[in-house]
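# Survey of secondary and tertiary structure
Here is how the chains run, residue by residue.
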Amino acid sequence: MNETLRVLVAEDDPALREALVDTLRYAECDVTAVANGAEALDALEHGPPSLLLSDVQMSPVDGHELLARVRTRWPQLPVVLITAHGTIERAVAAMRDGAADYLVKPFEADA
């Protein structure tokens, strides 16, 4: 029996958050969604998911700070960062800091 992939989505744009949740649920993932990095940290305290999918530009805790905190507390948790304002430098820094992937919006659902 395959274990259901549990995904925590941290995205401050309500429409994009809903689209991500719908897409992941269509792929039969168990999804929890929050509006920012601070809420993601709170949700992680209740048990880490299989994957964290986080926007980069959020406040009060942005995606890069969230990644750093996750690496300290849950070092094995895969983190995928998404952004509409990606640069090669930021993507390289995120990967060096432990991100599993760095996607630039908009991206295809298959990504």
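Let me begin by describing the structure that accompanies this report.

So, how was this worked out
Residues numbered from 1 in each chain as written. Predicted model: local features only at pLDDT ≥ 70, side-chain atom pairs only at ≥ 80, totals over all residues. Heavy atoms only, no water. Axes fitted to C-alpha atoms, helices over the stretch in contact; angles between N-to-C directions. Helix = DSSP H or I, 4+ residues; strand = E, 2+ residues; numbered from the N terminus. Parallel < 35°, antiparallel > 145°, perpendicular 65-115°, else oblique. Left-handed = near helix turned anticlockwise from the far one by under 90°. Contact = heavy atoms within 4.5 Å. Core = buried A, V, L, I, M, F, W, Y, C linked by side-chain atoms within 4.5 Å. Buried < 20%, exposed > 50% of the residue type's maximum accessible area, 1.4 Å probe, protein only. Pairing = 2+ DSSP bridges. Salt bridge = Lys/Arg side-chain N within 4 Å of Asp/Glu carboxyl O. Lys, Arg positive; Asp, Glu negative; His and termini not counted. Polar contact = N/O pair within 3.5 Å; in protein donor to acceptor, adjacent residues only side chain to side chain.

So, on to the packing of helix α2 (residues 37-44) against helix α3 (residues 63-73). Packed helices, taken two at a time, are described by their axes: the angle between them and the distance between them. Where α2 meets α3, the axes come as close as 10 Å, and the angle between the chain directions of the two elements is 20°. Relative to α3, the element α2 is oriented roughly parallel. For α2 against α3, the interelement crossing comes out right-handed. Facing α2, whose interface residues are Gly-37, Ala-40, Leu-41 and Leu-44, α3 presents Leu-66, Arg-69 and Val-70.

This part takes up the nonpolar core. The biggest cluster of nonpolar side chains holds 22 residues, and the ones touching the most others in it are Leu-8, Leu-44, Leu-52, Leu-66, Val-70 and Leu-81. Elements with a minimum of two residues in this core: β1 (6-10), α2, α3, β4 (79-83) and α4 (88-96). Sequence-distant contacts of Leu-44, defined by excluding residues within four places in its chain, comprise Leu-8, Pro-49, Val-70, Trp-74 and Leu-77. Formed by 12 residues, the second largest nonpolar core is a distinct cluster that contains Val-9, Leu-20, Leu-51 and Val-80.

A few words on the sheet that holds β1. Pairing between the strands of a sheet is mediated by backbone hydrogen bonds and can be parallel or antiparallel. Judged by pairing direction, the sheet is parallel, and its five strands sit side by side in the order β2-β1-β3-β4-β5 without closing on themselves. Every interior strand has two partners, whereas the edge strands, β2 (30-34) and β5 (101-104), have only one. Across the sheet, the mean angle separating the axes of adjacent strands is 20° when strand polarity is ignored. With four bridges joining them, β1 and strand β3 (residues 51-55) adopt parallel strand pairing. When the sheet's bridge partners are listed, Val-7 is paired in β3 with Leu-51. Each of β1 and β2 touches α2; the most contacted strand, β1, lies at about 155° to it. Packing of α4 onto the sheet brings it into contact with β4 and β5, and relative to β5 it is tilted by some 155°.

A separate point is the pattern of salt bridges. Under the counting rule described, the total for this entry stands at two salt bridges. Here Glu-45 and Arg-73 are joined by a salt bridge, their closest N and O atoms 3.0 Å apart. Of this pair, Glu-45 sits in the loop between α2 and β3 while Arg-73 is found in helix α3, placing the two residues 28 residues apart along the sequence. A relative accessible area of 48% places Arg-73 in the partly exposed class. The shortest N-O distance in the salt bridge between Arg-69 and Glu-65 comes to 2.9 Å. Of this pair, Arg-69 and Glu-65 both sit in helix α3, four residues apart, which is roughly one turn of that helix.

Take the side chain of Arg-71 next. Tracing the sequence through the fold places Arg-71 in helix α3. Buried within the structure, Arg-71 lacks any salt-bridge partner; its nearest side chain of opposite charge belongs to Asp-97, at an N-O separation of 8.8 Å. Here the side chain of Arg-71 touches Trp-74 through a polar contact of 3.3 Å, landing on its backbone oxygen. A polar contact is formed between the side chain of Arg-71 and the backbone oxygen of Gly-98, at a distance of 3.3 Å. Here Arg-71 is in contact with Gln-76, Leu-77, Pro-78, Val-79, Asp-97 and Gly-98, once residues within four sequence places are set aside.

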